[in-house]
Amino acid sequence: MNTSGDMSPQRVLTPRRKRAFLSFRRKSDLLWFAASLILFSGGTAAFILAVYFVHRAQTPMAIAPQIPAPVIAPAVPPALPAPPPSPSAVDAPPAGGPNPRPSSPKSAGNGARGGGDPRPVKRPVAAKIPPAPVVKKIESRASGYFLLQQGGPFKSFVDRRAKIAVDRVDDSYGEPAVQLTYDLSQGDWVQCFVNVRENFSNYTRVQFLFKGEGAKNTLEFKIVDSDGTNVGALWSQQTAKKAWTVVDLPLSELTYLWGGDPLLDFRRVRQIFFAVSKKSGDKGGRGRVTLRGIKFL
Amino acid sequence: MATEWAGAITEEEASLRAAVQSAERLGRLNHRRLDALIALAEYDTQKGRLCEAEPLWVKALSLQEKIFGPEHQKLAAPMVSLARQYETMGRYAEAEAVLLLALKIHERDSVENSVRIAEDLMLLARLDSRWGRWGEGDVRLSRAYNILRIVAGEHSPDMARFHLARGDFHRNAGRFEKSHASLLKAVDVFRRGQGDDMDAWVRLGHLARAQGDFREAETLYRRVLARRVRSEGEGGRTVSADLLALGTLLEAAGKGKLALKQVRRSLDIREKILGLRHPDTAESAVAVADINVSFHQFEEAETGYLRAWEVYERTLGPDSPGLLKTQSGLAALYFDRSCYEEADRLLDHLVRSYERIFGFQHASVRVALTNQRISFEAQERRDEVDAIDKRLMEMENGK
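Residues numbered from 1 in each chain as written. Chains lettered and ligands numbered in written order. Predicted model: local features only at pLDDT ≥ 70, side-chain atom pairs only at ≥ 80, totals over all residues. Heavy atoms only, no water.

Enquirer: Describe the overall build of chain A, listing the residues and the values that go with them.
Expert: Check the secondary structure of chain A and you find four helices and 13 strands. Of all 297 residues assigned to chain A, the portion counted as buried reaches 43%. Split by element, the accessible area of chain A, about 15500 Å² in all, is 58% carbon and sulfur. (Helix = DSSP H or I, 4+ residues; strand = E, 2+ residues; numbered from the N terminus. Buried < 20%, exposed > 50% of the residue type's maximum accessible area, 1.4 Å probe, protein only. Areas by Shrake-Rupley, 256 points an atom, 1.4 Å probe, with all protein chains shown as cover.)

Enquirer: Which residues make up the pairing of strand β10 (residues 245-250) of chain A, and what values go with them?
Expert: Residues and elements named next belong to chain A. Across the six residues that make up β10, a large majority, six, are buried. With burial as the criterion, each face of β10 is covered, one bearing Thr-245, Val-247 and Leu-249 and the other bearing Val-246, Asp-248 and Pro-250. Looking at chain direction, strand β7 (residues 205-214) and β10 are connected through six bridges and run antiparallel. Considered in β10, the bridge of Phe-208 is made with Val-247. (Pairing = 2+ DSSP bridges.)

Enquirer: Describe the nonpolar core, and please don't skip the residues or the numbers.
Expert: Core analysis: the biggest nonpolar cluster contains 86 residues, and Met79(B), Leu99(B), Phe162(B), Tyr305(B), Tyr312(B), Tyr354(B) and Leu369(B) have the highest contact counts within it. Non-local contacts of Leu99(B), meaning those with residues more than four positions away in its chain, are made with Val80(B), Ala83(B), Asp120(B), Leu123(B), Leu124(B) and Leu127(B). Grouped together as the second largest cluster of nonpolar side chains are 39 residues, Cys192(A), Phe200(A), Phe221(A) and Ile223(A) included. (Core = buried A, V, L, I, M, F, W, Y, C linked by side-chain atoms within 4.5 Å. Contact = heavy atoms within 4.5 Å.)

Enquirer: An account of the interface of chain A and chain B is needed here, citing residue identities and associated values.
Expert: Every contact between the two is made by 19 residues of chain A and, on the other side, 40 residues of chain B. Summed over both sides, the interface of chain A with chain B buries roughly 2500 Å², with 53% coming from carbon and sulfur. Taken together, the links from chain A to chain B amount to two salt bridges. Among the ionic pairs, Arg11(A) bridges to Asp290(B), the shortest N-O distance being 3.4 Å. Put simply, chain A and chain B have six residue pairs in polar contact (both at pLDDT 80 or more) between them. Residues that form the side of chain A that touches chain B fall into these classes: six nonpolar, seven polar and six charged. (Buried area = accessible area lost by both parts, 1.4 Å probe. Salt bridge = Lys/Arg side-chain N within 4 Å of Asp/Glu carboxyl O. Polar contact = N/O pair within 3.5 Å; in protein donor to acceptor, adjacent residues only side chain to side chain. Nonpolar A, V, L, I, M, F, W, Y, C, P; charged D, E, K, R; others polar.)

Enquirer: Explain the pairing of strand β13 (residues 286-296) of chain A to me, using residue names and the numbers behind them.
Expert: Both faces of the sheet carry side chains from a regular strand, because those side chains alternate between them. Residue and element names in this part refer to chain A. Counting buried positions along β13 yields nine of eleven residues, so the element is predominantly enclosed. Across seven bridges, strand β5 (residues 176-183) lies against β13 in antiparallel orientation. Bridged to Leu-180 within β13 is Val-289. Pairing analysis gives eight bridges linking β7 to β13, with the strands arranged antiparallel. Opposite Leu-209, over in β13, you have Arg-292 as the bridge partner.

Enquirer: Which residues make up the environment of Val178(A), and what values go with them?
Expert: Residues and elements named next belong to chain A. Structurally, the position occupied by Val-178 is in strand β5. With a relative accessible area of 0%, Val-178 lands in the buried category. When near neighbours in sequence (up to four residues on either side) are disregarded, Val-178 contacts Leu-148, Phe-154, Val-166, Asp-167, Arg-168, Val-289, Thr-290 and Leu-291.

Enquirer: Account for the side chain of Asn230(A), naming residues and giving values.
Expert: Counting through the fold element by element, Asn230(A) comes out in strand β9 (residues 230-235). Looking at Asn230(A), its side chain comes within polar contact range of the main-chain oxygen of Gly228(A), at 2.8 Å.

Enquirer: Give a detailed account of the sheet that holds strand β6 (residues 189-198) of chain A, specifying residues and quantitative values.
Expert: Residues and elements named next belong to chain A. Overall, antiparallel pairing links the six strands, which are arranged β3-β6-β12-β8-β9-β11 in an open sheet. The open sheet terminates on both sides in strands that have one partner only, identified here as β3 (154-158) and β11 (255-258). Taken over all neighbouring pairs, the strand axes of this sheet differ in orientation by 30° on average, direction set aside. The pairing of strand β8 (residues 218-225) with β9 spans six bridges and is classified as antiparallel. By the bridge assignment, Lys-222 is partnered in β9 with Gly-232. (Axes fitted to C-alpha atoms, helices over the stretch in contact; angles between N-to-C directions.)

Enquirer: I'd like a description of the packing of aromatic side chains, backed by residues and values.
Expert: Residues and elements named next belong to chain B. For the structure on display, the rule yields 20 aromatic pairs over all chains. Considering the side-chain rings of Trp-131 and Phe-358, the 5.7 Å spacing of their centres and the 85° angle between planes classify their relative orientation as edge-to-face. Linking Trp-131 in helix α7 (residues 114-131) with Phe-358 in helix α18 (residues 340-358), this pair joins segments that are 227 residues apart in sequence. In this structure Trp-131 comes out as buried when scored by relative accessible area, which is 18%. (Phe/Tyr/Trp six-rings, centres within 6.5 Å; stacked < 30°, edge-to-face > 60°.)

Structure follows, in C-alpha cells:
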C-alpha cells in the first residue's frame, strides 16, 4: 500500500516569516499585486473623471473666453435728461424714447473693440423714484426672468489694478440686490457678470434699478451671446446718484458693441454684464453701485 | 456516499456472505464455516477492505484455534497474514504481537520452519524500523541472515528477498551505503537464480531518491517501468505503482507537469483495475492532490484529499499511514491557504494519532508537534508555541 518507499509520509510545513506589509512569497503574488494596483488606480481615475464630467454637465457652459472690455463711452451729452424725482411714479420711456445720447458711428468706433456700429445707442429713460411702488410693481408680475433670483453667482473682471467687490445684499425692502464696491484709482474699468443659459427671445425689455455713491463714473449694462456678440447700454456719470434710478429698456434698443456678429442671438444669451468705467468726464476713484430688481420681461 | 458503499456489494461478495451465514447455521465449530470465513476474508483483502477483512480473519483464527488447539502449527500462517494486514492498517503494536506469537509457533519446530522463522524475523525487523528500534532490528536481521545462509544458501531466492528487506531497513535507518550494498547483492542473487530483479531496481531508485539523487532515481524508475510495461502491458498493477513512484519523484524534483502526467496515468490504471474505493487508488489520488497543491489548484486538491480520506478510513481504518499522509497533506493545504482553524484541528489530530500509534517519543510525533508549532507561530499564539517548545525539549532530553 506504500509503493513510493516513503516511510515517513508526514508533510513538513514551511515556517512563515513574519508578515511584512507587502510580501511576495510566490511569483504570482507580484502579478496579483500589480494587477490589483492597476485596477485600483484605474477605478479611482474613472471615478474622478465621472465626478468631473457630471459636475461639468451641471454647470452652465461658459462662452468663449473672450474677455469683454468695458465700453468706452462715446461723446456724452452734458447731462441726462433726468426728470425731477417723483415719489409715486415711474417714468416709462417714450416709444420713440428721449434719447439723451444718440451715438454717432464715429464716437462708437472710438471706444468699442471691433467698433464701428452705425446704430445709435438709445438711452433708457432714467427717473428717480421711490423704490417701494416699483418693487411691488415688478414683483407682481408672474412671468419674466429675475436675474438676481434665477441667475448664477456673479463673477468679476477688472482693468489692470482696479478693484471690485461684488456682494449680494438685501435692500431695505427685503429684495435681493447686488452691490458693486469699486476702486478705479489704478484702472479704467471694473465689471461683474452672470453666466446664463436662457432663451431671451421671448423677452422684449429689461428693467432694473440702481443707485450709487462715491465718484461719478459710467455704469454699463451688456448682454453677450454664444458667439461673443456684445450689445448693451451705458449711463455716463450716473454712479454717484444716491436715489434709485429705474431703468426700463427695450432689448431691441441695445447697441452693438463688439465681438461675434452684429446681431445678438437672444436665444443663446450666455452672459449679462454690469460694469463701471472711467471715461472722459468721469472721476474714477472709489464708489459703490447697488443694483436690484434686474428683470427681463 | 454511504449508499454508494452499500451499493458496491457485488454478486460474488453477496454469495460469499450467504455462504458464511448458511455455514453458521450448522454450528460454530465446523470446517465449512471456517472455509467460508477464509474465502470472504480473502475477498475483502483482495479488494483492499482490510477493515472488513480483519474481523473475519480473527474469527477464522479463533475457529482454527478451537479446532486444532492453541498454538498449533496451522495457526502460524494465518497469523503472519493477519500481522501483515495490521501493518498495512498502521496497527503496528498488534502486528508485532501477532507476529511474535507466530514466531513462537514456528520456533517450536525450528528445523522444519527455519525459512519461515527467517521471514518472521524480517517482518519484525521491518516493524522495528517503523518504531525506530534500529538495534533490535539489526539483531533480528542478523539472525535471519544466519538462518537463511545455512538453510537456503547464499544464492537462494529467499536470500534475495532477505537482501531486499535488509536494504529497506538500512535505507530507513539512513545507512545508505549498506542499503546500496544489500540491494546490489539482491540484484546479483536474482540474476543468478534467473529471478525477477525489478523489485531490487525499484528499491535502488527509492534509495537514490532518499539520497537526493533524483536523476539516478528517475533513470532507475524509468528503466523498471519500461521493462514492466513490456512484460505486463500498459495497464498492469505494478506498472501503476512504478508510475506513481516516478510521479512522486518528478514532483520532488520540481517537474510538476511531468509528474502530474505519470501520477494521473497511475490513477487511471488503478481506478480501472482496482476500482474507486481501493486504498491503492486512494494513494494515487493523494499523489495527484499533492501535485495540484503545487499548481495552486486548491479546490481540486482538497476534493482529492477528502475522497482519499474517506476511502482510507473505510478500508484501512483510522491509523493507516495512507490516511495520516492524506490528513497531513490536507493540513498543509489549509495552512498554505491560511485556514488556520481547519489546519490546527488536523494537526492536533495528527499529533494524537502518532502518539497513539508510536508512543510519545517517536520521531513522527516530533514532526507532528513541529508542524503544530509552525502553525501556532504563524498565528502568533505564543503560549501554545512555548508549550510545544517545552515538550520538544523534553523529548530531546529523553524524558
